[in-house]
Amino acid sequence: MGLHQGDQVCSLISDHFETGNLIVERWDVRELGVNGLGRLCVIWMRKLGPDGWIIEEQLNIVELYEKTLCEAVEDLQLANRGRHGLVSAAAAVVVWWDSATRKIRPGGTSGASGARRTARPNFSSRRVPPDDHRSSCRNQTMASAVRKLQVLNGLAQGFLVQLYNIKLLFNDPAVRPKFAHPNNAKTTKAIYAKFPDIPPLNDKVPGFEMIRDEATDLVALMEPHYQALIELVDFKDLALKTMAEVINSVIEIRLDVDPVLCENFMDLYVALAQILFFMSHNLEERKLLVLSYNMAYSAKNHGTKDEASGRILNFMKDYANPVKKLWEDYRPFGARVLNFLSGLYMSYIRSRTPSVLRKEGATNITIQPAKLSLPVNTTGHLDLIRSHKYFQWFVFGFLLHPEDLGGANPGDAFNQMKGVINDTLHVQLFRDEYLPIYKEYEQLFEYKSKTAKMDKHAKILKEGKTEGLQIAGQKHKERRAYIRQELRTLYCLMVDTPALIAPKLQVILAALSLAKEEALWWFRHTPAQLQAQKTKVSNVQHFEDNLIGEVIYFSTMLTDLVRRHKEQVQAYYLEYLQNADATRLGELSADANFQRQCSSEIISAVQNITATLKRLQPGQDLNSIRDFWYQVEPQLSNPSKAVPVTIIGSTVEKVRMIFWHMRFVDSLDEVLSEVGSLRELWYFRNELHAAFVKSIEDGPEQPTQVSSYLVLLSQAVENATVYDPSERDRIGAESIRLANEFLEKLSDRVILLLEQTAKHQYELNAFIQPDRAYYSILDKNPELRLGDKNWRSPPEPGAESAHANRNNLENLRRYQKNIIQLCSGLNEWGSIIIYNTIFTPRQFLGDRLKKFLKSVLKRSLFLPPTAQPFKEEQTIQTPSFVSRVWKAYSNTVAELANYVDLDIASIIKEVMLHEAWSPSVGPAGGKLDWINEKNFEYLTNSYIGHFAGWYSDFFKNRALALTAQAGTAVHIVYSPSRRGFWSKKTQTSPFKAEMYMDPVELRAIADLTGAYGIKLIDREVLRFILANVNAMRETVKACSKELDELEKNYLNEGKTGIILKSFKQPEMDAFMQRAIVVGSALQFRRLLNEAQGLAASDAVPFIYNTVDHAFGQYSRNTFMTPDFVGTDSLAADAGLNVGTADQALKAALFATATTDPKIWDMFVPMFAACVVTSSYWRDATFNSAIGGHENNLHCCVRTIVDLLVALKGATSETADEEELTDLLRQFVEISSVLLLRALTSASAKESKYAPRDFASVMVFFDMFIEDNPLLMRDDLEYIIPYALLRSMWRQNYSKITKGKTGEDVEEMF
């Protein structure tokens, strides 16, 4: 509501004030805002009349407005603490009500007569017997004391926030004024050099132009903080006045007589002291604020000074050393406060002694099994809940009353003081600001007056300080150990039996309160904090705690557990209030002694509470019950109407318990936040973050509880207040950053442990690899070691269990345990909201696992730098090695599925698919459009790209090694018997083809990459084949005329001889070289297809069998019938032998095949001519060790068959297999005729191109028929009889060929 609207509402209420016709609701007054509320207070005060009296007839309206206004102030102070005008409003409420209720005229009005007597409204919270107005007014006055204290306590917390924000103003780079930057230290020093004088805004202040030029912005920035300091002066006076009134209205303050008044009084007592001590901390910043604001204000307003500056400057000067000023301010409270603390000391000590708590079972609900299900309602547990307050009451109570302490009868005060000060080193002021207690107490023991000399008792401080430095850390460490045990037990019991949460709620709250106090204490006394404060303790280890995370974890989990059962707890205590509480309170109020000793107001209030409790309904406002008690509680210690504790004690105790039960019903969240929330740890976030990062690694149970750190970060934004609009955003952004950083470190830790575990698994798996049998043979046959004296066989399987290797196994167990703990911690919370971001902790691990598995593939793919002396020869690891590494790591990762709610199997599959997939490849069994001229697009650094490129480069770079030319030797051969490519011993390069090209390695590729990866490798090989086929076509095209003649006249020996002489040997050798290379590539494709079939039949047998069955339902699709191409492709992807239905090869050669279809008919005579014109046929030697020719001539079988089928199958117009069969028969016939003619002709024998080993050449044709799906043996029988072939085979297998060094060919590999 705007300022003008607020004035209108104030006028409206003023006009209707006397008539009582306007009903003011709580929200109506709240709408006025703080400034409007202050004006409304003034208007009402003016309505008191000329002599300040209120007539009886207006009392009902005054009561209504007073109640409404007080509630509105409470609401406003929560939203606008410390804002300008609020303290004035609160002061008006307090002062006005006291003035009004003390000046009530029995009837009539000032200056008027015949005032209308209105009926008294029935306000449940202000019910007063109508026959005694003066008594009712006195009750209202006493009731207002509680409300005053509550309002002032709320304001006190607001001032602490404002003072803290002043600290941030000059330390946070985001909001810090320019002149306050550390680089401008001369400016700031000059500003407060002559404090409290405000320096002139001229060149006497270095950098004054920074204030002058930005005066308007600086005033806007600092005004809220400056106004807060001004209002603090008013607040201090008001608080002292109110406390003096309260303390003078009672005989003594006691928790067992007036608990609400006592607690609120002591809270305000401590809060005011904290404010004043806090203000004196970093006083230079407060000085800088006031002085720089006044300088900017003066610059903005043309030299006009702020009128309030003098008050605040004098106030800051007076309280520069607050302890001495507070001695004077708090002197009226000394005797009563010390008497109160003396009576409270035993309860306080009990709450601080674990042995006593353990013996009494204070937080152990199983110590008395018979009472396990009974509710707990004892003041002892309430003392534990408030123990953190008791400590501050004692610390400040002893510190601020030297006159009463040093008097003639101090009693046990000094012994009690010693018991308090040896319990801590620092006392919290606010958030992460705390008071070095010993320094302040040193001033206390220097106090001297005529009646008190504290220096006589200086040894108390010395002994207490010495004990504190020696044992405070140990005492709190023992306390935390006790709390950890109790929290763990409570949490486990409550999780298993949540029905116990409601009856044992006080026990839970007591444990949470102790845990919160100890957690905050430890973070204020960490070794780092002690070092920063230059506090020397006797044993720093007492202040270290690696298990603090456990306290935080069980505290947050127990709090969350209670919240999840909030409705059940509220229903339980609502019924408890209606029955047990109401019944017992009724019994106490009906007691004869109670009726005789207590006044009618007390009796009536208790009866009203009892009656209201019995009529309670769900959702009913319980403030009326509280108001009944607020009316009468101050009377219990009133000098004129005090009631003996023996009479009223039981009733007060019961009412105190009822108040807690009501809080459990209508404000359980507030209670849990007050008692259990650890959001204040945000101000120790650096230490908190470090503690939890450390707990990731430490055991035994810490890693399981890491999720509680995220809970704390989610609560951090609750620390934001309305005084700083951007604070919530800053805290939220920082919380998100810390959460991300923490989850990344946690995930990194899991990954590190997985890395170590997987390495162990890989090493253990290596013990059972087949190659280890080789070492066992060498161990048993020393003669096979070839004289190696340094021979050391590797460990045998099972050696890891030996006692000497126990450390390795122990480390492995430790790694696995830590993994389980961290995963359990990540799995604790499904999702958690931190500011405006939803975090799913386990998803961080999922994302990190993907990166980890990808990195494993990348790392295992390449040889390490130390093992790459021949980088050009061999740069990637063998596929079987990569497969073994991958299995060890993926199996280790797969075990996480038992501990964390992640689909680990899908993560592993996703990584494999990502690494083995290219956007250029369509779905398996789909179209053939992936076979094109374009380069494949691989995902960033995917390992399939490296594999595909390597195998493609193998044929490109190893063409010479696969073929013999001009006297060179073939170093790599394809062995049909061994089903792979092998390097011969004649090769000087360290490269071993069998390490990459044998069935085991290809099967490893199939297992790693699947159908997608095989397709990618196949595509690269097909491109290599296409390039060589195009080159072969050019050779055929150049010889087309001669080939045509040969095809027509091959039976004419004379013409054939002339034609063959026209062929140039280098061209024929080049053609055969390419044919052998193409054949080798085609053989590799077949091996790759077989490996894929084995992998698919093992991995997906049902799918494999289904595809196999479907593929067998029709004849082979030799001519690419569109209806069956999809099934053909699916069969190829499944690894089936598709034979003449190799649609991928046809698609790759289609463009070449259709360019000049007739040229491919010349391939048959070209291959036949090469038999007697190429050195490859002349030097062909069959080697029984490899089951093929040493120059890889046998690979031409695949070249001839597959190319003719692919080329003619893609271009045939008849779609008749007989056409293909005729071409293949033609090759057999022409080449056989030429070969047999060369065998029998003398001139042919003398030719340098005639085969030197006819037996080796003859068996080629048998191999051709054997590996040809379109020809039968009968097609060869009529040309080369089987008897002749059998003789040739026998001749080949009976000879032993010697190598250059004399070794047998069987040892050539």
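Residues numbered from 1 in each chain as written. Predicted model: local features only at pLDDT ≥ 70, side-chain atom pairs only at ≥ 80, totals over all residues. Heavy atoms only, no water.

Q: Let's hear about the side chain of Asn 1049: which residues, and what values?
A: Relative to the elements of secondary structure, Asn 1049 occurs in helix α43 (residues 1040–1049). We classify Asn 1049 as buried; its relative accessible area is 16%. For Asn 1049, the residues in contact, after removing those within four places along its chain, are Lys 1055, Thr 1056 and Ile 1059. (Helix = DSSP H or I, 4+ residues; strand = E, 2+ residues; numbered from the N terminus. Buried < 20%, exposed > 50% of the residue type's maximum accessible area, 1.4 Å probe, protein only. Contact = heavy atoms within 4.5 Å.)

Q: So what about the nonpolar core? Which residues, and what values?
A: Phe 235, Leu 400 and Tyr 441 are the most contacted members of the largest nonpolar core, which has 373 residues in total. Membership of the second largest hydrophobic core comes to 10 residues, among which are Tyr 1104, Val 1107, Ala 1134 and Val 1138. (Core = buried A, V, L, I, M, F, W, Y, C linked by side-chain atoms within 4.5 Å.)

Q: Requested: an account of the packing of helix α31 (residues 685–695) against helix α33 (residues 727–766), with residues and values cited.
A: The geometry of α31 relative to α33 is characterised by a closest axis approach of 11 Å and an angle of 15 degrees between their N-to-C directions. For the element pair α31 / α33, the angle class is roughly parallel. Seen from above, α31 lies across α33 with right-handed handedness. Here Arg 685, His 689, Phe 692 and Val 693 of α31 come into contact with α33, specifically with Glu 734, Leu 738, Glu 741, Phe 742 and Lys 745. (Axes fitted to C-alpha atoms, helices over the stretch in contact; angles between N-to-C directions. Parallel < 35°, antiparallel > 145°, perpendicular 65-115°, else oblique. Left-handed = near helix turned anticlockwise from the far one by under 90°.)

Q: Which residues make up the pattern of salt bridges, and what values go with them?
A: The final tally for this structure, using the stated rule, is 72 salt bridges. The partner of Glu 727 in a salt bridge is Arg 431, and the shortest N-O contact between them spans 4.0 Å. Here Glu 727, found in helix α33, pairs with Arg 431, found in the loop between β3 (426–430) and β4 (433–436); they are 296 residues apart in sequence, far enough to count as distant. When sorted by exposure, Glu 727 lands in the same class as Arg 431, which is buried. (Salt bridge = Lys/Arg side-chain N within 4 Å of Asp/Glu carboxyl O.)

Q: Lay out the layout of surface pockets with the relevant residues and their values.
A: In this structure, the second largest pocket encloses a volume near 1,100 Å³. Lining the second largest pocket are 31 residues, and of these Asp 1007, Gly 1010, Ala 1011, Ala 1099 and Val 1100 lie nearest its centre. Counting residues per element, the ones that place at least two in the lining of the second largest pocket are α37 (879–894), α38 (904–915), α42 (999–1038), α45 (1065–1099), α46 (1101–1111) and α47 (1122–1134). For the lining of the second largest pocket, the leading source of residues is α42, giving 7 residues. (1 Å grid on protein atoms, 1.4 Å probe; cavity = no way out; pocket = protein on both sides within 12 Å on 5 of 7 lines; lining within 4 Å. Points joined across faces, edges and corners; volume = space filled by probe spheres on them.)

Q: Would you mind going over the packing of aromatic side chains in detail, with residue names and values included?
A: Applying the stated rule across the entire model yields 56 aromatic pairs. Each ring, one from Phe 277 and one from Phe 396, has its centre 6.0 Å from the other, and the planes form 45 degrees; the classification is tilted. Placement of the pair is Phe 277 in helix α10 (residues 259–280) and Phe 396 in helix α17 (residues 387–399), with a sequence separation of 119 residues. Residues Phe 277 and Phe 396 agree in their burial class; the two are buried. Centre to centre, the rings of Tyr 573 and Tyr 576 are 6.2 Å apart; their planes meet at 40 degrees, and the pair counts as tilted. One end of the pair is Tyr 573 and the other is Tyr 576, both in helix α25 (residues 566–589) and 3 residues apart, which spans about a single turn. Clustering of aromatic rings is evident, with ring pairs tying together Tyr 572, Tyr 573, Tyr 576, Trp 660 and Phe 664. Above the plane of the ring of Phe 278 lies Arg 286, whose end atom (NZ or CZ) is 5.1 Å from the centre. Residue placement shows Arg 978 over the ring face of Trp 982; its charged tip is 5.0 Å from the ring centre. (Phe/Tyr/Trp six-rings, centres within 6.5 Å; stacked < 30°, edge-to-face > 60°. Lys NZ or Arg CZ within 6 Å of the ring centre and 35° of its normal.)

Q: Would you mind going over the side chain of Ser 292 in detail, with residue names and values included?
A: One can find Ser 292 in helix α11 (residues 283–300). A polar atom in the side chain of Ser 292 sits 2.4 Å from the backbone oxygen of Leu 288. Looking at Ser 292, its side chain comes within polar contact range of the main-chain oxygen of Leu 289, at 3.3 Å. Contact partners of Ser 292, with chain neighbours within four places excluded, come to Phe 179, Ile 191, Ile 211 and Met 222. (Polar contact = N/O pair within 3.5 Å; in protein donor to acceptor, adjacent residues only side chain to side chain.)

Q: Describe the packing of helix α51 (residues 1196–1211) against helix α54 (residues 1254–1266), listing the residues and the values that go with them.
A: In the contact formed by α51 and α54, the axes pass within 10 Å of each other and the chain directions differ by 45 degrees. Our classification of the angle between α51 and α54 gives oblique. Seen along the crossing, α51 lies across α54 with a hand that is right-handed. Contacts between α51 and α54 pair Cys 1196, Val 1197, Ile 1200 and Val 1201 from the former with Phe 1260, Met 1263 and Phe 1264 from the latter. Here the residues of the contact of α51 with α54 are counted per class, giving 7 nonpolar, no polar and no charged. (Nonpolar A, V, L, I, M, F, W, Y, C, P; charged D, E, K, R; others polar.)

Q: Tell me about the pairing of β3, and please be specific about residues and values.
A: The buried count for β3 comes to 5 of 5 residues, which makes it a mostly enclosed element. As paired elements, β3 and β4 share 4 bridges and run antiparallel to each other. Following the sheet pairing, His 426 is matched in β4 by Pro 436. The turn linking β3 back onto β4 is made up of 2 residues, and Arg 431 within it adopts a positive phi angle of 55 degrees. (Pairing = 2+ DSSP bridges.)

Q: Tell me about the confidence of the model for the protein chain, and please be specific about residues and values.
A: Confidence in the prediction for the protein chain averages 80 pLDDT; 82% of positions are at 70 or higher. The lowest-confidence element of the protein chain is strand β2 (residues 104–105), averaging 36 in pLDDT; the highest-confidence one is helix α22 (residues 505–524), averaging 93. Within the model, the stretch residues 1–39 combines pLDDT values under 50 with 66 contacts to residues more than four positions away or in other chains. Counted against residues more than four places away or in other chains, residues 868–873, with its pLDDT under 50, gives 6 contacts. (pLDDT = per-residue confidence, 0-100.)

Q: Could you give me a rundown of unusual backbone geometry, with the residues and numbers involved?
A: Positioned with a positive phi, Arg 431 is a non-glycine residue whose angle comes to about 55 degrees. The backbone phi angle of Asn 1192 is positive, close to 65 degrees, even though this residue is not glycine. On the secondary structure map, Asn 1192 appears in the loop between β10 (1188–1189) and α51.

Q: Describe the environment of Gln 620, naming the residues involved and giving the relevant values.
A: Along the chain, the position of Gln 620 falls in the loop between α27 (600–614) and α28 (623–632). Between the C-alpha atom of Gln 620 and that of Val 665, which follows or precedes it by 45 residues, the distance is 9.8 Å. Gln 620 has contacts with Thr 612 and Arg 615, leaving out every residue within four places of it along the chain.

Q: Lay out helix α12 (residues 309–318) with the relevant residues and their values.
A: Here α12 has its buried residues at Ser 309, Ile 312, Leu 313, Phe 315 and Met 316. Buried residues in α12, looked at end-on, bunch into an arc of 160 degrees, giving them a common side. Taken together, the buried residues of α12 touch α9 (215–248), α10 and α11. (Arc of directions from axis to C-beta.)

Q: Pulling in residues and values, what's your account of the state of the cysteines?
A: Tallying each qualifying case throughout the model produces 0 disulfides. Here Cys 1196 stays free of any disulfide, with the sulfur of Cys 1195 as its closest cysteine sulfur at 7.3 Å. (Disulfide = S-S within 2.5 Å.)

Q: Any chance you could break down the pairing of strand β7 (residues 972–975) for me, citing the residues and the numbers?
A: Burial along β7 is two-sided: Ile 972 and Tyr 974 facing one way and Val 973 and Ser 975 facing the other are all buried. Alignment of β7 against strand β8 (residues 980–983), held across 4 bridges, turns out to be antiparallel. Bridging from a neighbouring strand, Val 973 pairs with Trp 982 of β8. Where β7 hands over to β8, the hairpin turn is made up of 4 residues, of which Arg 979 adopts a positive phi near 55 degrees.

Q: I'd like a description of the environment of Gln 761, backed by residues and values.
A: As for its placement among the helices and strands, Gln 761 is situated in helix α33. A sequence separation of 51 residues divides Gln 761 from Leu 812, and the C-alpha atoms of the two residues are 9.2 Å apart.

Q: Can you lay out the environment of Ser 144 for me, pointing to particular residues and giving the numbers?
A: Along the chain, the position of Ser 144 falls in helix α6 (residues 133–169). Considering only alpha carbons, one finds Ser 144 and Pro 634, 490 residues apart in sequence, at a separation of 9.8 Å.

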